[in-house]
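Survey of secondary and tertiary structure
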Amino acid sequence: MPKLKLIGRALAGCVAFAMAAGAAAQAPEKLKVRLDWTPWGVHGAMHLAQQKGWFNAAGLDVQMEDGNGSVTTVQIVGGGDQFDVGHAALASMMIARDKGLPVKGVAVFARLSDVGMLVPAGGGIKGPKDLKGKKVAYTAGSLEAPFVDAFLAAGGLKKSDIELVNVDAAGKAATYAAGRADAAFSTIPFFLPVVSQTRPSEAVRFADYNLNMPSFGLFASEAKLASKREAIAKFASVVAASWQYVYDGHEDEAVEAIVAQRPQAKLDKKVLRGQIDALRGFFQLPAPAGQPLGAPVAADWSTAVKTLTDAGLLKSIKDGNDFFVPGLVRPVALNAASAK
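Let me begin by describing the structure that accompanies this report.

Reading the values: the criteria
Residues numbered from 1 in each chain as written. Predicted model: local features only at pLDDT ≥ 70, side-chain atom pairs only at ≥ 80, totals over all residues. Heavy atoms only, no water. Helix = DSSP H or I, 4+ residues; strand = E, 2+ residues; numbered from the N terminus. Buried < 20%, exposed > 50% of the residue type's maximum accessible area, 1.4 Å probe, protein only. Contact = heavy atoms within 4.5 Å. 1 Å grid on protein atoms, 1.4 Å probe; cavity = no way out; pocket = protein on both sides within 12 Å on 5 of 7 lines; lining within 4 Å. Points joined across faces, edges and corners; volume = space filled by probe spheres on them. Nonpolar A, V, L, I, M, F, W, Y, C, P; charged D, E, K, R; others polar. Salt bridge = Lys/Arg side-chain N within 4 Å of Asp/Glu carboxyl O. Pairing = 2+ DSSP bridges. Axes fitted to C-alpha atoms, helices over the stretch in contact; angles between N-to-C directions. Polar contact = N/O pair within 3.5 Å; in protein donor to acceptor, adjacent residues only side chain to side chain.

As a further point, take the environment of Ala110. Assignment of secondary structure puts Ala110 in the loop between strand 4 (103–108) and strand 5 (115–120). Given the relative accessible area of 2%, Ala110 is considered buried. When sequence neighbours within four positions are dropped, the list of residues in contact with Ala110 reads Pro214, Ser215, Phe216, Phe282 and Phe283.

In this approach, a probe sized like a water molecule rolls over the atoms, and the result shows the empty space that is left. Taken as a whole and assessed by the stated rule, the structure comprises 1 cavity of 30 Å³ or more. By volume, the largest cavity amounts to about 60 Å³. In terms of lining, the largest cavity is formed by 13 residues, of which the most central are Arg111, Phe283, Ala287, Leu293 and Gly294. Here the residues of the lining of the largest cavity sort into 10 nonpolar, 2 polar and 1 charged.

Tallied over the full model, the rule gives 21 salt bridges. The partner of Lys224 in a salt bridge is Asp84, and the shortest N-O contact between them spans 3.0 Å. Taken together, the positions of Lys224 in helix 9 (residues 222–227) and Asp84 in the loop between helix 4 (70–79) and strand 3 (85–89) put the pair 140 residues apart, joining distant regions of the chain. When sorted by exposure, Lys224 lands in the same class as Asp84, which is buried. When the shortest N-O distance is used, the salt bridge between Asp310 and Lys306 registers 2.7 Å.

Attention now moves to unusual backbone geometry. Residue Leu285 is joined to Pro286 through a cis peptide bond whose omega torsion reads -5°. Within the element layout of this structure, Pro286 appears in the loop between helix 12 (269–283) and helix 13 (298–310). Of note, the phi angle at Asn210 is positive, near 60°, even though the residue is not glycine. For Asn210, the location among the structural elements is in the loop between strand 9 (201–205) and strand 10 (216–221). Here Asn210 falls in the exposed class, since its relative accessible area comes to 71%.

A word on the layout of surface pockets. If you add up the space inside the largest pocket, you get close to 1,100 Å³. Gly69, Ser70, Val71, Ser142 and Leu143 are, among the 38 residues lining the largest pocket, the residues nearest its centre. Of all the secondary structure elements, the ones that give two or more residues to the lining of the largest pocket are helix 4, helix 5 (90–98), helix 7 (169–177), strand 8 (183–187) and helix 8 (188–195).

Let us now look at the sheet that holds strand 9. What the 5 strands build is an open sheet, ordered 7-6-8-5-9; its pairing is mixed. For this open sheet the edge positions go to strand 7 (163–166) and strand 9, each flanked by a neighbour on one side alone. Across this sheet, the average inter-strand angle for adjacent strands is 30°, counted without regard to direction. Relative to strand 8, strand 6 (residues 135–138) runs parallel, the two sharing 2 bridges. Bridge pairing in strand 8 places Ala137 opposite Ala184.

This brings us to the pairing of strand 8. Counting buried positions along strand 8 gives 5 out of 5 residues, so the element sits mostly inside the fold. Note: strand 5 against strand 8, 4 bridges, orientation antiparallel. Counted as the bridge partner of Leu118 is Ala184 from strand 8.

Here the focus is the side chain of Thr307. Tracing the chain through its elements places Thr307 in helix 13. A distance of 2.8 Å separates a polar side-chain atom of Thr307 from the backbone oxygen of Asn212. Apart from the residues lying within four places of it in its own chain, the contact partners of Thr307 are Phe147, Asn210, Leu211 and Asn212.

Below, the discussion takes up the sheet that holds strand 1 (residues 29–34). In a beta sheet, neighbouring strands are held together by backbone hydrogen bonds and run either parallel or antiparallel to one another. Pairing is mixed in the open sheet, where 5 strands are placed in the order 2-1-3-10-4. Each edge of the sheet is formed by a strand with only one pairing partner; in this case those strands are strand 2 (60–65) and strand 4. Mean inter-strand twist for the sheet, computed between neighbouring axes without regard to direction, equals 30°. In the sheet, strand 4 pairs with strand 10 via 5 bridges, with the strands oriented antiparallel. Opposite Val108, over in strand 10, you have Gly217 as the bridge partner.

Quick look at the structure:
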């Protein structure tokens, strides 16, 4: 074979290898995310970012899997290697970390606790002092249960002053919506739009009675934070920017994205929009000066330590800074073309 052909083939091989290596270097990094629950409004920004290609533009190949509760998501993400990131109510993550699970918060979207009380609109129940003699539904094993005493005490009441009815979590909304309870303790942004379809309702937030803690956000295990720190930072930053986009007047786009990403769920668009609207008040917009939406605020975590410690849910960790990683939520410019 002539020497020129040999050189040509060698060069062609080098070019092909270089192209393959370049393609491999540019391949999006896989990131597997466990959500807190089946599809609802709190997932809007993530589904929208997926649909518009914002994750891919950031060099990420994101796979999201639905969950069946924040506590379970925290245990699965923190105790195994299957998922890189979790989305959950972060008080559950704090409790798990205090018990030894190596997990830390990455981003906080709902800075106010989502837990509170649902009451009939215009029914005269404005706070805990108005509950005397009322029948109130709650779930004994849920996150709201440890705070009931402190909430009632803020109104000068004790449990003996009300009729507290323990209802399974799956049936609590139906029990309240059917009028079989005067009020219900639960997560507000999820249930308020659901029950209001049959029983127009309003909410009383525990956070307004000195019972606050970070709510929905992102977390990861310490092992994943060590091995995939930049990918996790990119994911958190894109989700944060997507939430800002949603609340800049694109709520319906988020609704459509959830429905498109989870067609088998047969979701009610009106409920999804109601959940996204209800969540806005828990986000405490705008974000603190100089911080992107979603960046953990140290004071919030210090408050949460007191809230959870007073309720007997934290035993050992006293420093709020031990529960989160700062600096992973960064300003991101979303792809303008895909945002149209």
